[in-house]
Amino acid sequence: MLDYLYLLPALPGAAFVVLAVLGKRLSQPVAAWVGVAPTAAAAAVTLAIAAECLAAPPRGGSFRQTLWTWLAAENFRVDVAFYLDPLAIVMAATVAVVAVFVLLHAVEYMAGDDGFSRFFAVMNLFVAAMLVLVLADNLLLLYVGWEGVGLCSYLLIGFWKRDPANGRAARKAFLVTRVGDTALLIGIVFLLVHLGTLDIHGLQVAARNAWAPGAACAVLAAAMMLAAAVAKSAQWPMHIWLPDAMAGPTPVSALLHAATMVTAGVYLVARLGVLFTLAPAVQWATAGIGSATMLLGGAAALTQTDLKRALAYSTMSQIGLMFAALGVGAATAAIFHFLTHAVFKSLLFLAAGSVMLAVGHSSDMARMGGLRRSLPRVYVAFLAGAAALAGLPFFSGFFSKEAILAELWSHGDGAHVLWAVGLAGAFLTAWYAFRLVFLVFHGPARVVVAHRPTWVARVPMLSLAALAVLAGWVQWPGVVENGQFVAHFLDASFDRILPSMSLAPEPTPATRWMLLTSATAAAIAGATLAWWTTHRVHARAAEKITQPASLFTRVLRYGVADRAWRAVAFAGLWIGNQLARMQTGRVRWYAATLAAVTVLAVLAAVFL
Amino acid sequence: MNILSVVSGHHGLAVAAALFAVGLLGVLTRRNLLFVLLSLEIMLNAAGLAFVAAGALWGQADGQIMFLFILATAAAETAIGLTLLLIVFREKRNLNSDAIADVPHVSSRGVKSNHPFEGDKPVANSQ
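Cut-offs used in this document
- Residues numbered from 1 in each chain as written.
- Chains lettered and ligands numbered in written order.
- Predicted model: local features only at pLDDT ≥ 70, side-chain atom pairs only at ≥ 80, totals over all residues.
- Heavy atoms only, no water.
- Helix = DSSP H or I, 4+ residues; strand = E, 2+ residues; numbered from the N terminus.
- Rg over C-alpha atoms; globule rule 2.2 N^0.38 Å.
- Buried < 20%, exposed > 50% of the residue type's maximum accessible area, 1.4 Å probe, protein only.
- Contact = heavy atoms within 4.5 Å.
- Areas by Shrake-Rupley, 256 points an atom, 1.4 Å probe, with all protein chains shown as cover.
- Domains from an automatic or database assignment.
- Polar contact = N/O pair within 3.5 Å; in protein donor to acceptor, adjacent residues only side chain to side chain.
- Patch = residues over 30% accessible without salt bridge, like charges linked within 9 Å, V, L, I, M, F, W, Y side chains within 5 Å.
- Salt bridge = Lys/Arg side-chain N within 4 Å of Asp/Glu carboxyl O.
- Phe/Tyr/Trp six-rings, centres within 6.5 Å; stacked < 30°, edge-to-face > 60°.
- Lys NZ or Arg CZ within 6 Å of the ring centre and 35° of its normal.
- Lys, Arg positive; Asp, Glu negative; His and termini not counted.
- Charge placed at Lys NZ, Arg CZ, Asp CG, Glu CD.
- Core = buried A, V, L, I, M, F, W, Y, C linked by side-chain atoms within 4.5 Å.
- Axes fitted to C-alpha atoms, helices over the stretch in contact; angles between N-to-C directions.
- Parallel < 35°, antiparallel > 145°, perpendicular 65-115°, else oblique.
- Left-handed = near helix turned anticlockwise from the far one by under 90°.
- Expected span 1.5 Å × (residues − 1).
- Pairing = 2+ DSSP bridges.

Caption draft 1: The arrangement of the overall build of chain A in detail. In terms of regular secondary structure, chain A is built from 25 helices and two strands. The C-alpha atoms of chain A give 25 Å as radius of gyration, which agrees with the globular expectation for 608 residues (25 Å, within 12%). Dimensions of chain A, computed from C-alpha atoms along their principal axes, come out at roughly 85 × 55 × 55 Å. Expressed as a percentage of the 608 residues in chain A, the buried residues total 58%. Of the contacts made within chain A by residues no fewer than 6 positions apart, 81% connect residues no fewer than 24 positions apart.

See below:
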């Protein structure tokens, strides 16, 4: 089965080609089949490969498939090659499975749209690029996938191109992430110049041999990688593009801007773990940025009146939690949270999509309310997703969030602060998650439901809901092997590249109980407060409570970073205006200036 | 009698410099674009002459090779220049370079600018 690894990106890639070429000639049912079936096949192959790797791990714990040599010049050689290890398996399986459900849901959501086949073409291109990104064996191929998902993100945010606002949102996303892409390219070239290889594993071995911890080179390289990850994953101060990216169709938000593409930064940092352990300063920066984004995103999510924007801020906040975990070296916990987050957040977006169809293509929560009677299945699905997001006990998010909080606690004395911030973030998360549930599904009904989901939309939602409830149980002792199943599986990936990394001592049972209880208490307190503010308190008073949070939103929106960008733009404009005065259109003046400058230059060269 | 034994390379360079000055003066003072083009040709040929003269001084063939390059470039440049001239004349009925100088977006205050983010409204309200 391992030999079919290349099919993972190839199948959705082929679907893209077919849809892009034949596109408009295909009827919608045919286009839907071409759009969904290859990705489903790729997901099946992924799961088969994962099962095979679980039953009999490949020799050395990893598998490498070289397709062809891309570039070869003297000592420099880049192959188009895929690399499969536990980390790649978890990432690829999550991406492929979530993609299938989202595409299936999109068949209903996008039905009747003029750009139906265009939508599925780009979505398939995205799946192919994302799989290239997580399977790439070297940084150059990873960069191809990285740019590929960025392109698809641009195309899909601006999918409804008639409205100029969508085009602006797409450009904003593209330009902001481009800053990070450039940092990534600089980092890649820097690593190539200093270490002479782009192979992800050879590179990390070489880095450990060449650089001492804290060496300037290591810090610079890791900082470049962090900048790339921060932009791609919408972390402060590069988060500004994500809320506007909700202009795209809801399945796009579910797949790209919640489950997979925005977590590419988490994958990059986890993949280059050795590089980051060599740069402790950058690790602290990672944890700091992640914690800050978690709080700001959570606070902003509390004040939204738009369902999709609230979910977007929630995504920022959850990825911030992953970054905090990565900052203390807990890559395993971060990737586990990526997995559960991909499931429950894509579920929330799909349910939000069905809600939007029901209330007439609007994501304004003022139009929603009381929908639990008219959309019972969507309500159940959304409730499961919200409970997992809030980290209520025994839902999937509980297990991954608890794992991260435990890592934050045991990292050291200074990290107790990180743990406290994480706990505050968990409290905020539960609060806004249930605020959404109550605002959308409880209370008085405001509009007549225009559309009820058919099986095409129900199957993905209920499957994902089942996963969101159950996925965490693989960690429970006795369910699969003897507990911590995902953690052990992933550790194989990180242990081999981080043999020198000393793990923090296991917390005592008393500490563990304290951590579990506090996490549970935070989640339940948040949910209760949400119920109280939406049911018992007059709306005005509720606004008062969230007032401090909306201050955070202002900081986010018109904050330092935004001002800095504007200053750059204005400076460019001013200089341009001044220089434009020279453009008089009189060629004789141009010639005279040219001659004078030449004479001066020659004189300077001769006499100076 | 070989002409090069009477006219030395230094004379050649002096003539080249004079030609170049004449050409430059023409470019700067002439308003008719046809004559500007002619003056440009003179400047190019001055450069060519300088190459040949310098080649003769050092007894190297490089100067003459460069002159061949300049010849080819000048031919191409003339062809394109005359074409553009014809188009300009057809559009404006005028070849006076000062009279047809207009850059529409330029005012005396420079580019009429707008706010760089004008109309860059967020997609939906957050408040």
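Caption draft 2: The overall build of chain B, seen in detail. Looking only at helices and strands, chain B features four helices and two strands. Reading chain B from its N terminus to its C terminus gives the helix and strand order α-α-α-α-β-β. The burial tally for chain B puts 24% of its 127 residues in the buried class. At a minimum sequence separation of 6, the contacts of chain B that also span at least 24 residues come to 54%. If you sum the accessible surface of chain B, you get close to 8,600 Å²; carbon and sulfur atoms cover 67% of it.

Caption draft 3: Region of interest: the domain arrangement of chain A. By the assigned domains, chain A splits into domain 1 (2–557) and domain 2 (560–607). Between the C-alpha centres of domain 1 of chain A and domain 2 of chain A the distance comes to 46 Å.

Caption draft 4: Quick peek at the side chain of Asp137(A). All names here are of chain A. On the secondary structure map, Asp 137 appears in the loop between α4 (116–135) and α5 (139–157). A polar atom in the side chain of Asp 137 sits 2.6 Å from the side chain of Arg 64. Each residue touching Asp 137, except ones within four places of it in the same chain, is listed here: Arg 64, Ala 81, Phe 82, Tyr 83, Asp 199 and Ile 200.

Caption draft 5: Up close: the side chain of Gln318(A). Take Gln318(A): it is sitting in helix α14 (residues 307–327). Setting aside its immediate chain neighbours within four residues, Gln318(A) contacts His337(A), His341(A), Phe344(A), Lys345(A), Leu389(A), Lys401(A), Thr429(A) and Tyr432(A).

Caption draft 6: Here's a closer look at a nonpolar patch on the surface. Residues and elements named next belong to chain A. A cluster of nonpolar side chains, namely Met 1, Tyr 4, Tyr 6, Leu 67, Trp 68, Trp 70, Leu 71 and Val 144, defines an oily patch on the protein surface of about 740 Å² accessible area. Ranked by residue count, the leading element in the nonpolar patch is strand β1 (residues 63–73), at four residues. Relative to the helices and strands, Trp 70 resides in strand β1. What makes Trp 70 partly exposed here is its relative accessible area of 36%.

Caption draft 7: Quick peek at the packing of aromatic side chains. Applying the stated criterion to the full structure yields 14 aromatic pairs over all chains. Summarising the aromatic geometry, the rings of Phe159(A) and Trp160(A) are spaced 6.1 Å apart at their centres and angled 65 degrees between planes, so their arrangement reads as edge-to-face. Classification of Phe159(A) as buried rests on a relative accessible area of 1%. In this structure Trp160(A) comes out as partly exposed when scored by relative accessible area, which is 28%. Aromatic pair Trp409(A) and Trp419(A): ring centres 4.9 Å apart, planes at 80 degrees, arrangement edge-to-face. Within this pair, whereas Trp409(A) is found in helix α18 (residues 396–410), its partner Trp419(A) is found in helix α19 (residues 415–441), the two being separated by 10 residues in sequence. Among the residues examined, Trp409(A) registers a relative accessible area of 22% and is labelled partly exposed. It is Arg30(B) that lies over the ring of Phe35(B); its NZ or CZ is 4.2 Å from the centre.

Caption draft 8: Layout of a positive patch on the surface. A grouping of Lys24(A), Arg118(A), Lys161(A) and Arg162(A) is seen on the molecular surface, where their side chains present a positively charged patch. When you line up the elements, Arg118(A) lands in helix α4.

Caption draft 9: Local environment of the pattern of salt bridges. Applying the stated criterion to the full structure yields 10 salt bridges over all chains. Its salt-bridge partner being Arg271(A), residue Asp85(A) comes within 2.9 Å of it at the nearest N-O pair. Here Asp85(A), found in the loop between β2 (76–84) and α3 (86–109), pairs with Arg271(A), found in helix α11 (residues 264–271); they are 186 residues apart in sequence, far enough to count as distant. Each member of the pair, Asp85(A) as well as Arg271(A), is classed as buried. As a salt-bridge pair, Asp98(B) and Arg588(A) come within 2.8 Å of each other at their nearest N and O atoms. Taken together, the positions of Asp98(B) in the loop between α4 (62–92) and β1 (106–107) and Arg588(A) in helix α25 (residues 587–607) put the pair across two chains. In terms of burial, Asp98(B) and Arg588(A) fall into one category: buried. Salt bridges sharing common partners tie together Glu147(A), Arg178(A) and Asp181(A).

Caption draft 10: Representation of the nonpolar core in the model. All names here are of chain A. In this structure, Leu 84, Trp 211, Met 225 and Ile 335 are the most contacted members of the largest nonpolar core, which totals 210 residues. The biggest single contributor to this core is helix α15 (residues 331–358), with 20 residues. Beyond its immediate stretch of four places on either side in the chain, Leu 84 contacts Leu 2, Leu 5, Ile 49, Cys 53, Gly 61, Ser 62, Phe 63, Ile 89 and Leu 135.

Caption draft 11: The environment of Arg452(A), seen in detail. Residue and element names in this part refer to chain A. You can see Arg 452 is positioned in the loop between α19 and α20 (455–470). Once the C-alpha coordinates of Arg 452 and Arg 377 are considered, the two residues, 75 residues apart in sequence, prove to be 9.9 Å apart. Engagement of the side chain of Arg 452 in a polar contact is seen with the backbone oxygen of Ser 374, the distance being 2.5 Å.

Caption draft 12: Layout of the packing of helix α17 (residues 376–390) of chain A against α20(A). Residues and elements named next belong to chain A. Direction vectors running N to C along α17 and α20 enclose 30 degrees, while the axes themselves pass 9 Å from each other. By the criterion of interaxial angle, the relationship of α17 to α20 is roughly parallel. Handedness of the α17/α20 crossing: left-handed. Within the contact between the two elements, α17 uses Arg 377, Val 378, Ala 381, Ala 384 and Ala 388 and α20 uses Arg 458, Met 461, Leu 462, Ala 465, Ala 468 and Val 469.

Caption draft 13: Inspection of helix α8 (residues 216–232) of chain A at higher detail. Residues and elements named next belong to chain A. Given a rise of 1.5 Å per residue, 17 residues ought to cover 24 Å, and the 24 Å separating the end C-alpha atoms of α8 matches this to within 8%. Along α8, the residues that are buried comprise Ala 218, Ala 221, Ala 222, Met 225, Leu 226, Ala 228, Ala 229, Val 230, Ala 231 and Lys 232. The first or second residue beyond α8 is Ala 234, which carries a positive phi of 55 degrees.

Caption draft 14: Spotlight on the pairing of β2(A). For β2(A), a buried count of seven out of nine residues is recorded, marking the element as mostly surrounded by other parts of the structure. Linkage of β1(A) to β2(A), two consecutive antiparallel strands, is achieved through a turn of two residues, within which Glu74(A) is found at a positive phi near 50 degrees.

Caption draft 15: Here's a closer look at the pairing of β1(A). Bridge count for β1(A) against β2(A) is nine bridges, and the pairing is antiparallel. Pairing of Phe63(A) across the sheet is with Leu84(A), part of β2(A).

Caption draft 16: Representation of the environment of Ala14(A). Residue and element names in this part refer to chain A. Following the sequence through the fold, Ala 14 ends up in helix α1 (residues 7–22). Classification of Ala 14 by relative accessible area gives partly exposed; the value is 40%. Separated by 111 residues in the primary sequence, Ala 14 and Leu 125 place their C-alpha atoms 8.7 Å from one another.

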